[in-house]
Amino acid sequence: MQLENPQKQRPKISKKAWISETAIIIGNVHIGDNVFVAHNAIIRADEPGSSIVISDGCNVQDNVIIHALSHSQVLIDPETSLAHGCIVHGPCKIGTRCFIGFGSVVFDCTIGDDTLVMHNATVRKIIVPDGKVIPDGMAINRQDAVEGLDDVTPDLTEFKGSVVRANIDLVQGYQALEMEV
């Protein structure tokens, strides 16, 4: 379902994206090519001055919530995966080729390229440099805590890529099904 916000703004969605009919997308939202938005995702840019940009090749999995506060932006760079049930709350910028794990919360932060926020982690009010891993269940809300984070390993880089590839395949598969109807 795509809805206008109170400021009369409607989502702008690429024809090359696939959006589940149970997803709710409201307001000043821009969704790029080859983006997969799964069932029951909620993407809301309905407060005054808010916006959400989901760049090419991203995936927004089941039950993800993305919301931008008044006069803030959520920017999700290309080939980033938002896993089942995570919350991304603006202001927030997530870099290219990132992975935000199941049940994680990211709010009022900047996450660098090639970074993984693993399952049930919380990231708030910090800047995470490129290529870091925030472990399962970690709450990180002080900038000095970033110094101890591990670097992304080759197996995690492959994992991130496999998630993106699987979801682009889903975009193409669901679009092919719609063409058959």
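You'll find the structure just up there.
Our subject in this report is the structure included herewith. (Residues numbered from 1 in each chain as written. Predicted model: local features only at pLDDT ≥ 70, side-chain atom pairs only at ≥ 80, totals over all residues. Heavy atoms only, no water.)

### Focus on the pairing of strand β10 (residues 65–68)
Quick reminder of the rule: Only strands that DSSP links by at least two bridges are regarded as paired with each other. Helix numbers and strand numbers start at the N terminus; a helix is a DSSP run of H or I with at least 4 residues, a strand a run of E with at least 2.
Looking at chain direction, strand β7 (residues 42–45) and β10 are connected through three bridges and run parallel. Residue Ile43 lies in a different strand from β10, and its bridge partner there is Ile66. As judged from the four bridges shared by β10 and strand β13 (residues 87–94), these two strands associate in the parallel manner. Note that in β13 the partner of Ala68 across the bridge is Gly90.

### Section: the sheet that holds strand β6 (residues 36–37)
The sheet built from eight strands is open, its strands ordered β3-β6-β9-β12-β14-β16-β19-β21 with mixed pairing. Strands with a single pairing partner mark the edges of an open sheet, and in this sheet they are β3 (18–19) and β21 (150–151). Where strand β14 (residues 99–100) and strand β16 (residues 116–117) come together, two bridges link them in parallel fashion. Its bridge partner being in β16, Ile100 is matched across the sheet by Val117.

### So, the environment of Ile25
Let me state the cut-off plainly: Contacts were defined at the residue level, with two residues in contact if any of their heavy atoms lie within 4.5 Å.
Looking at the element boundaries, Ile25 is found in strand β4 (residues 24–27). Through-space distance from the C-alpha of Ile25 to that of Gln2 is 4.8 Å; in sequence the pair is 23 residues apart. Residue contacts for Ile25: discarding those within four places in its chain leaves Met1, Gln2, Leu3, Pro11, Ile13, Ile19, Ile31 and Ile43.

### Let's talk about the packing of aromatic side chains
Selection rule: Classification of ring pairs rests on two measures: the distance between centres of Phe, Tyr or Trp rings, Trp counted by its six-membered ring, which must be within 6.5 Å, and the angle between planes, read as stacked under 30 degrees, edge-to-face over 60 and tilted in between. Burial classes follow relative accessibility: with a 1.4 Å probe on protein chains only, a residue under 20% of its type's maximum area counts as buried, one over 50% as exposed, and anything between as partly exposed.
Overall, the coordinates contain four aromatic pairs when judged by the stated rule. Between Trp18 and Tyr174, the aromatic rings sit 4.1 Å apart at their centres with planes inclined by 15°, giving stacked as the arrangement. Taken together, the positions of Trp18 in strand β3 and Tyr174 in helix α1 (residues 154–180) put the pair 156 residues apart, joining distant regions of the chain. Here Tyr174 falls in the partly exposed class, since its relative accessible area comes to 28%. Between the aromatic rings of Phe99 and Phe159, the centroid separation amounts to 5.0 Å while the plane-to-plane angle is 70°, which identifies the pairing as edge-to-face. Here Phe159 lies in helix α1 and Phe99 lies in strand β14, a separation of 60 residues in the sequence. By relative accessible area, Phe99 is classed as buried at 2%. The structure contains a cluster of three or more aromatic residues connected by ring pairs, namely Trp18, Phe36 and Tyr174.

### What to know about the nonpolar core
Rule in force here: We define the nonpolar core as a collection of buried residues of types Ala, Val, Leu, Ile, Met, Phe, Trp, Tyr and Cys that are connected through side-chain atoms lying within 4.5 Å of one another.
Among the nonpolar cores identified, the biggest contains 39 residues, and Ile31, Ile43, Ile54, Ile66, Leu82, Ile94 and Val106 are the most heavily contacted of them. The set of elements that each furnish at least two residues to this core consists of β5 (29–31), β7, β8 (51–54), β10, β11 (73–76), β13 and β15 (105–111). Ile54 has contacts with His30, Ile31, Gly32, Val35, Ile43, Val60, Ile66 and Ile76, leaving out every residue within four places of it along the chain. Formed by seven residues, the second largest nonpolar core is a distinct cluster that contains Ala83, Phe99, Leu116 and Val152.

### Notes on the environment of Ser55
Spelled out, the test is: Polar contact is defined as a pair of N or O atoms within 3.5 Å, subject to the rule that within protein one atom must be able to donate a hydrogen and the other to accept it, and that residues adjacent in sequence are counted only when both atoms are side-chain atoms.
Tracing the backbone shows Ser55 in the loop between β8 and β9 (59–60). Measuring from C-alpha to C-alpha, the distance between Ser55 and Val35 comes to 7.5 Å, with 20 residues separating the pair along the chain. With residues near it in sequence (within four places) discarded, Ser55 still touches Gly32, Val35, Ile76, Asp77 and Pro78. A polar contact of 2.9 Å, which involves the side chain of Ser55, links it to the backbone oxygen of Ile76.

### Some remarks on the side chain of Asn5
Take Asn5: it is sitting in the loop between β1 (2–3) and β2 (12–13). On the basis of relative accessibility, which here comes to 3%, the residue Asn5 falls in the buried class. Separated by 2.9 Å, the side chain of Asn5 and the backbone nitrogen of Gln7 make a polar contact. If sequence neighbours within four positions are ignored, Asn5 has contacts with Ile26, Gly27, Asn28, Ala45 and Asp46.

So far we have only geometry, and geometry alone does not tell us how the molecule works.
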